[in-house]
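# Survey of secondary and tertiary structure
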Amino acid sequence: MTLRFVVTSSAHPPATDLLGALYDEYDAAAGRILRGGPSAEPSDFTPPRGTFLLAYEHDQAVACGGLKTLGPGVAEVKRMYVVPRARRRGVGRALLIALEDHARSMRFASVRLDCERHNWPLYRAAGYVEIGDYNDNPFADHWAEKHL
């Protein structure tokens, strides 16, 4: 598997297509529309406050994710999504590494995230440790941080 990561806007296709698929999965899993969690606007994913990455495999966007500033030296991983056909092949892990590398290059000292229980094993294996609820996300089961 060869992935190419591209910094892009989260406000335009194909990023909006991937984000739409992410939201559709959230809604289907919950059996209702879940658009009310902690927000991140496209402007949150633009330098110097953040970044947004697309992962391409064979010129097709297969994953996305972003970083947004939470506070001095602290970024948050947001909107990580891998298309179903690319799952279970290390794409999510590669995307997480790419986001952490960008966070380091942007001089963040740590990265936080929230996730549902089915995604927790990925983050735990990547060195994230559980912390208290820092954002009141009603849809999250775990809140975690990694020092870079």
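Okay, so let's go over this structure. Bear in mind the structure is a predicted one, so any value in this text is a computation, not a measurement. Along every chain, residues carry numbers that run from 1 in the direction the sequence is written. Confidence filtering applies because this is a predicted model: local features only for residues at pLDDT of at least 70, side-chain atom pairs given and counted only at 80 or more, and all residues used for totals across whole chains, interfaces and linings. By convention in this description, side-chain values take in all heavy atoms of the structure and omit both hydrogens and water.

## Some points on unusual backbone geometry
Keep this limit in mind: Only DSSP runs of H or I covering at least 4 residues are called helices, and only runs of E covering at least 2 are called strands; the numbering of each starts at the N terminus.
Between Pro13 and the following residue, Pro14, the backbone shows a cis peptide bond with an omega angle of 5°. For Pro14, the location among the structural elements is in the loop between strand S1 (4-7) and helix H1 (15-30). At the junction of Pro47 and Pro48, the peptide bond is cis and its omega measures out at 5° in the coordinates. Located in the positive-phi region is His58, a residue other than glycine, with phi close to 50°.

## Observations concerning the packing of aromatic side chains
Here the distance between the centres and the angle between the planes together describe a pair of aromatic rings. Heads up, the condition is: In this scheme Phe, Tyr and Trp rings, the latter by its six-membered ring, pair at centre separations within 6.5 Å, and the angle between planes marks the pair as stacked below 30 degrees, edge-to-face above 60, and tilted otherwise. Two conditions define a charge sitting above a ring: the NZ of Lys or the CZ of Arg must be within 6 Å of the ring centre, and it must be within 35 degrees of the ring normal.
Under the defined criterion, the tally for this structure stands at 2 aromatic pairs. Taking NZ or CZ as reference, Arg4 lies 4.7 Å from the ring centre of Tyr56, over its face. The ring of Tyr134 has Arg112 lying over it, and the distance from NZ or CZ to the ring centre is 5.5 Å.

## Quick notes on the pairing of strand S2 (residues 50-57)
Quick note on the threshold: Here the term buried applies to any residue with accessible area under 20% of the maximum for its type, exposed to any over 50%, and partly exposed to those in between, with areas from a 1.4 Å probe on protein chains only. Pairing between two strands requires that DSSP report at least two bridges joining them.
Of all 8 residues that make up S2, 8 are buried, and the element is covered over most of its length. Note that S1 and S2 share 4 bridges and pair antiparallel. By the bridge assignment, Val7 is partnered in S2 with Leu53. Taking the residues that link successive antiparallel strands as the turn, the S2-strand S3 (residues 60-71) hairpin has 2 residues, and the phi of His58 there is positive, at about 50°.

## Focus: the side chain of Glu76
The following threshold applies: Residues scored as charged are limited to Lys and Arg (positive) and Asp and Glu (negative), so that His and the chain ends carry no count. A carboxyl oxygen of Asp or Glu within 4 Å of a side-chain nitrogen of Lys or Arg is what we treat as a salt bridge. Here a polar contact is taken to be a pair of N or O atoms separated by no more than 3.5 Å, where protein atoms must pair a possible hydrogen donor with a possible acceptor and residues adjacent in sequence count only if both atoms sit in side chains. Two residues form a contact once any of their heavy atoms are found within 4.5 Å.
Within the element layout of this structure, Glu76 appears in strand S4 (residues 74-82). Here Glu76 occupies a buried position and makes no salt bridge, while the nearest side chain of opposite charge, Lys78, is found at 4.0 Å. In this structure the side chain of Glu76 is engaged in a polar contact, spanning 2.6 Å, whose partner is the side chain of Tyr134. Side chain to side chain, Glu76 and Asn135 meet in a polar contact 3.4 Å long. With residues near it in sequence (within four places) discarded, Glu76 still touches Gly66, Leu67, Lys68, Leu70, Arg112, Leu113, Asp114, Tyr134 and Asn135.

## Focus: the environment of Tyr23
Within the secondary structure, Tyr23 sits in helix H1. On the accessibility criterion, Tyr23 (24% relative accessible area) is partly exposed. Sequence separation between Tyr23 and Leu70 is 47 residues, and the spatial gap between their C-alpha atoms is 22 Å. Within polar-contact distance, the side chain of Tyr23 engages the side chain of Arg79 at 3.0 Å.

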